Amino acid sequence: MARIVKKFGGTSVATMERIAHVAGRVKASVDAGDEVVVVVSAMAGTTNQLVAWTREAGALHDAREYDAVVAAGEQITAGLMAIALQNLGVEARSWLGWQLGLHTDDVHGSARILAIDTDKLDARLAQGQVAVVAGFQGLGADARITTLGRGGSDTSAVALAAALGAVRCDIFTDVDGVYTADPRMVPHARKLSQITLEEMLELASGGAKVLQTRAVAMAMRYGVKLQVLTSFEDVPGTMLIEEKGLIEEKGVIEEKGDMEQNVINGIAYSDDEAKITLVAIDDAPGVAATLFGALADAHINVDMIVQTAASAPGKTDITFSLPRSDLARGLEVIGAIGDGITYQEILTAADVCKISVVGVAMRSQPGVAKLMFETLAEKGINIEVISTSEIKISVLIGTAYKELAVRSLHTAFGLDAECGD
Ligand code: ADP
Ligand code: ASP
Ligand code: MG
């Protein structure tokens, strides 16, 4: 008997028909002898609507009330899925974050999971009951409902798989796996049969929303076997693997004489970006610590940072990127530092996006940056900020060039599927 967590995203539960279809798939798994925990998202579009209503109700609304509203979508689908399963003769029960005991901190809107009580679920699973868990939500340290950040049902699913010792966590979404780039933007993108967790982590943090970044990080940390597939068809998806597995497989490929290996495995883009430049800020110890410390205290996630020499002596320019949705708050936080830092001028840009190329082979093969920058230059695309990790290069460019950049890089790195592939 295998214990499996199956997470169904918004499109998989978008209508009553889809919910009935998913219930049928879950029943087949139960009939085959599996112990199944189902994690559901809200119906596609519901969370966006709920978020829009909280904004309409009050631009600077209370984050605790934001969570009370936006967590509601998953409550509905959890109940409906349990009913659909019961209709098929499958014993099932819905579970909300607080009922389950999915404990989080009290950072409302992007809470982190602290612990999950598994006793109740374990007992129900042992009785042969399917647990249908409302994803995206938890019980905060302040005893109020919390949400885990957009796309957070993925993290609910992986956390449950880790806590319950499941053999696998299946993430069912509206594409049939992880592609070399967002298949909605790049028609020639190729489905990957497998990808390393490390690459997926970089792609997700680069904006590929097929998996939430924190879900991938959690799968890495707890060794959860993770798979991405579609609920619409019965076709193989993408397996997430440790790098060790890839090296073993490469060994096999090389023995077969096929040395051709992509340096880049995926390209991601992120629209939720903005840029702040502090012109002629003091070039002194502690300035960066004060600036970025204040932003961190406000839970603002700063991503790319560059510091350049300013023309005036003893001064420097600091440019950094942050989520566009945090731009206004970021400026407030900087304003509130007051005399803590002095600078001549503050510049902002909200019309930027981040493009990232990712591949573990980058560690051993040079020339990725050269090809990336040359490709962008050929298209006349100006690079505003660059950042790198061992297996990723990211650039900030004007939003108007997003599609052109992603598609050109996809071709330049040899990722395009052959016609009819
Ligand atoms: P769900 O509601 O099931 O969680 P999401 O919308 O969060 O689904 O994530 C799936 C979407 O991720 C796809 O529809 C696709 O447009 C997007 N996506 C972005 N990058 C990739 C990629 N590299 N591979 C597959 N899908 C991607
Ligand atoms: N419904 C939430 C969202 O749209 C969580 C999720 O789907 O993963 O962000
Ligand atoms: Mg998602």
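Scroll up a little and you will see the structure.
Note that the coordinates shown come from a computational prediction; the quantities given were computed from them, not determined experimentally. (Residues numbered from 1 in each chain as written. Chains lettered and ligands numbered in written order. Predicted model: local features only at pLDDT ≥ 70, side-chain atom pairs only at ≥ 80, totals over all residues. Heavy atoms only, no water.)

1. Some details on helix 9 (residues 213–222)
Stage number 1. Inspection of helix 9 places Ala-215, Val-216, Met-218 and Ala-219 among the buried residues, and these make up the whole buried set. Angularly, the buried residues of helix 9 cover 160° about the axis, an arc narrow enough to put them on a single face.
Stage number 2. Those residues of helix 9 hidden inside the fold are in contact with helix 7 (153–164), helix 8 (197–205) and strand 11 (226–230).
Stage number 3. One or two steps after helix 9, the chain reaches Gly-223, where phi turns positive at roughly 65°. (Buried < 20%, exposed > 50% of the residue type's maximum accessible area, 1.4 Å probe, protein only. Helix = DSSP H or I, 4+ residues; strand = E, 2+ residues; numbered from the N terminus. Arc of directions from axis to C-beta. Contact = heavy atoms within 4.5 Å.)

2. Examining the pattern of salt bridges
Stage number 1. Using the criterion set out here, one finds 19 salt bridges in the structure.
Stage number 2. For Glu-35, the salt bridge identified is with Arg-3, shortest N-O distance 2.8 Å. On the criterion of sequence distance, the pair formed by Glu-35 in strand 2 (residues 35–40) and Arg-3 in strand 1 (residues 3–8) is long-range, its members being 32 residues apart. A single burial state applies to Glu-35 and to Arg-3, both of which are buried. (Salt bridge = Lys/Arg side-chain N within 4 Å of Asp/Glu carboxyl O.)

3. Considerations on helix 12 (residues 327–337)
Stage number 1. Every buried residue of helix 12 is accounted for by Leu-327, Gly-330, Val-333, Ile-334 and Ile-337. Seen from one end, helix 12 has its buried residues packed into an arc of 120°, which puts them on one side. For helix 12, the exposed residues set more than 90 degrees away from the buried face come down to Ala-328, Glu-332 and Ala-336.
Stage number 2. After helix 12 finishes, the residue Gly-338 shows a positive phi value of roughly 60°.

4. Considerations on the sheet that holds strand 12 (residues 238–241)
Stage number 1. Pairing is mixed across the open sheet formed by eight strands, whose spatial order is 3-6-2-1-9-11-12-10. Taken across any chain shown, the strands that pair with only one partner, and hence form the sheet edges, are strand 3 (92–95) and strand 10 (194–196). This sheet shows a mean twist of 20° between the axes of neighbouring strands, independent of strand direction.
Stage number 2. Examined bridge by bridge, strand 11 and strand 12 share two bridges and lie antiparallel to one another. Directly across from Val-228, in strand 12, lies its bridge partner Thr-238.
Stage number 3. Packed onto the sheet, helix 1 (residues 16–31) meets strand 1, strand 2, strand 6 (130–134), strand 9 (168–173) and strand 11 and runs at close to 160° relative to strand 2.
Stage number 4. Docked against the sheet, helix 8 engages strand 10 and strand 12, running at close to 80° with respect to strand 10. (Pairing = 2+ DSSP bridges. Axes fitted to C-alpha atoms, helices over the stretch in contact; angles between N-to-C directions.)

5. Overview of the pairing of strand 17 (residues 385–389)
Stage number 1. Strand direction decides the pairing type here: strand 17 and strand 18 (residues 392–398), joined by five bridges, are antiparallel. Bridge pairing links Ser-389 to Lys-392 in strand 18.
Stage number 2. Adjacent in sequence and paired antiparallel, strand 17 and strand 18 are bridged by two residues.

6. Observations concerning unusual backbone geometry
If a residue is not glycine, its phi is most likely negative; likewise, a peptide bond is most likely trans.
Stage number 1. A positive phi is found at Phe-136, a non-glycine position, where the angle reads about 75°.
Stage number 2. One can find Phe-136 in the loop between strand 6 and strand 7 (137–139).
Stage number 3. Despite not being glycine, Ala-143 has its phi angle at roughly 65°, a positive value.

7. As for the site of ligand 1
Stage number 1. In the vicinity of ligand 1 there are 17 residues, among which Thr-173, Asp-174, Tyr-179, Asp-182 and Arg-184 approach most closely.
Stage number 2. Between ligand 1 and Asp-182 there is a distance of 2.8 Å, counted from an oxygen atom to a side-chain nitrogen or oxygen.
Stage number 3. When ligand 1 sits alone it has 570 Å² of accessible area, and the protein chains cover 88% of it.
Stage number 4. Here the shell around ligand 1 is built from residues that sort into eight nonpolar, four polar and five charged. (Near = heavy atom within 4 Å. Polar contact = N/O pair within 3.5 Å; in protein donor to acceptor, adjacent residues only side chain to side chain. Areas by Shrake-Rupley, 256 points an atom, 1.4 Å probe, with all protein chains shown as cover. Nonpolar A, V, L, I, M, F, W, Y, C, P; charged D, E, K, R; others polar.)

8. Looking at the site of ligand 2
Stage number 1. Surrounding ligand 2, one finds Ser-41, Ala-42, Thr-47, Glu-74, Phe-136, Arg-150, Gly-151, Gly-152 and Ser-153.
Stage number 2. In this structure, Arg-150 approaches ligand 2 through a side-chain N or O atom, which is 2.7 Å from an oxygen atom.
Stage number 3. Between ligand 2 and the protein, one listed contact pairs an oxygen atom with a backbone N or O atom of Gly-151 at 2.8 Å.
Stage number 4. In isolation ligand 2 has 260 Å² of accessible area, and contact with the protein removes 86% of it.
Stage number 5. Residue composition of the shell around ligand 2, grouped by class: two nonpolar, five polar and two charged.

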